Amino acid sequence: MRLWSRELWRIAWLATIGVCLGWLLGSAGLGLAAGLAVCLFYHLRQLRVLFQWLTLNPHNEPPAAGGMWGDLLDRLYRYQKSQRITQGRLRSTLARIQESSEAMRDSVVMLDRHGDLEWWNSAATDMLGLQTAHDRGQHITNLLRDPRFISYFNARDYSEPLTLTSPIDERSILQYQITLYGDDERLVMARDITRLHRLEQMRRDFVANVSHELRTPLTVLSGYLETYGDLAEQLPPRLGRGIEQMQDQTQRMQNLVNDLLLLSRLEIDQGGQDHQALSVEQLLNSVCQDALALSHRKHVVRVAIESDAQLIGSEQEIRSAISNLAFNAVRYTPEGSQIILRWAPMEDGSGCIEVEDDGEGIDPVHLPRLTERFYRVDKGRSTATGGTGLGLAIVKHILLRHDAQLQVESHPGEGSLFRCTFPATRLAATS
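Counting of residues starts from 1 at the beginning of each chain's written sequence and follows it residue by residue. Local features in this predicted model are restricted to residues whose pLDDT is 70 or higher, and side-chain atom pairs enter the listing and the counts only when it is 80 or higher, whereas totals over whole chains, interfaces and linings include all residues. Where side-chain values are given, they derive from all heavy atoms of the structure, hydrogens and water being excluded.

Draft legend 1. Representation of the overall build of the protein chain in the model. Helix and strand definitions follow DSSP, with helices as H or I runs of at least four residues and strands as E runs of at least two, each counted in order from the N terminus. Broken down by element type, the protein chain carries 13 helices and 13 strands. A burial count over the protein chain gives 35% of its 431 residues as buried. By definition, residues are in contact when any of their heavy atoms lie within 4.5 Å. Put simply, of all contacts in the protein chain between residues at least 6 apart along the chain, 57% involve residues at least 24 apart. A total of about 26500 Å² of accessible surface is found on the protein chain, and carbon and sulfur atoms cover 55% of it. Only protein chains enter the calculation, and the probe is 1.4 Å; a residue is then buried if its accessible area is under 20% of its type maximum, exposed if over 50%, and partly exposed in between. All accessibility values rest on the Shrake-Rupley procedure with a 1.4 Å probe; residue burial counts only the protein chains present in the view.

Draft legend 2. How the structure looks around the sheet that holds strand β1 (residues 107-111). In this description, strands pair whenever DSSP reports at least two bridges between them. Strand order in this open sheet of 5 strands is β2-β1-β5-β4-β3, and the pairing throughout is antiparallel. Taken across any chain shown, the strands that pair with only one partner, and hence form the sheet edges, are β2 (117-120) and β3 (162-165). Across the sheet, the mean angle from the axis of one strand to that of its neighbour is 25°, orientation sign disregarded. Orientation is described by axes fitted as lines to C-alpha atoms, over the contacting stretch for helices, and by angles from 0 to 180 degrees between their N-to-C directions. Lying over the sheet, helix α7 (residues 147-155) contacts β1, β3, β4 (173-181) and β5 (185-192), oriented at roughly 20° with respect to β4.

Draft legend 3. Layout of the environment of D116. Inspection of the secondary structure puts D116 in the loop between β1 and β2. Residues D116 and D135, spaced 19 residues apart in sequence, show a C-alpha to C-alpha distance of 9.3 Å. Filtering out sequence-adjacent residues up to four positions away, D116 remains in contact with M110, L111, G137, Q138 and H139.

Draft legend 4. Summary view of the sheet that holds strand β13 (residues 427-428). The 3 strands are arranged β6-β8-β13 in an open sheet whose pairing can be described as antiparallel. Whereas interior strands pair on both sides, the edge strands pair on one side only; in this sheet they are β6 (276-278) and β13.

Draft legend 5. Layout of the pairing of strand β10 (residues 351-357). Of all 7 residues in β10, 6 are buried, a share of seventy percent or more. Of the pairings in the sheet, the one linking strand β9 (residues 338-345) to β10 comprises 7 bridges and is antiparallel in character. When the sheet's bridge partners are listed, W343 is paired in β10 with I353. Hairpin geometry of β9 and β10 is characterised by an intervening segment of 5 residues between the two adjacent antiparallel strands and by a positive phi of about 95° at G349. As paired strands, β10 and strand β12 (residues 416-422) are joined by 7 bridges and run antiparallel to one another. Along β12, the bridge assignment pairs G351 with F422.

Now the structure itself:
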């Protein structure tokens, strides 16, 4: 404020002196104009000095000046100096980030808000075939032209990674993950999961082959045990009980093998060939009757239809998924419990099939792992009910094949709700 006051006083003095001189010469207005012109000339000269300094030698110390202009030049110089220090720190940080990215085995590609390539590490050059001399500034979909990647990139839903073959080596399998940051910019990361993919394929083949090989001896064993079981009345009681236990365990092994084979088929087969419009009401009524038969009518099982839309999908697979949920509700709830099979619309146009019970419920700590293979909340009770531990894993894979999601809501003592949500694209109006 003091500098401004001095500057105003200076202008006032120049104007006063100009008026006085002009009055002595017979023209006070001309004297005022002359005084203001001197002031304007001074400020224009200082402005020219500032302009030359900023355009010609901005890194040098500012030229000497007094008053308000000297303070302004000093402030600009200090601001430039602080900005240079900040820029140096940012360049150093960016250099460290680039060095660390260069040390990564995974590909890292930075895209601008338009999807054009800005920077990538050396792993991206080896893994994706990007060339610095030609590809900088190119749109990512001009270089990664797989239709699945283009759809994944444009969908802007990057919650799940995308697995594809390498664009330069069909023997390599890459997993892409895109992250949005900054001003709608994107960071694309790609990892080579060829080894993991091969191990997973070996696991699937092993499970499928072993399950298939076990099927024949179990069928033979079950047949002979059934024959001996017909003669149980003629055998000693101890031997009869042994045959009965062997029949139960053989049946359990057959159920396990069947579930493993079904799970292997769901993982390998893409499906879609038998998809058609299904009457959800008929399907749920059929599952309801099967659940009542399994329960020996010791549970209350009913169907609630709140939508007349049909569901597009595989009748066999969807029936298997809902049956697994309904049978679990029968097995793991006490007698007299109520089980509801519900088909209802959602606010966003999608539809959901719900299996709700008022049983003992499940501790929320178990919910994230329910769909894992062989995961059991209560191992002792699951064994006693004859479950294989694969039912919810089968449900999960069937729903994934139908673009659906499984949601579980449960608390101890409050029952459980299993919701299968199907997108609007899977619904069809009743003809």
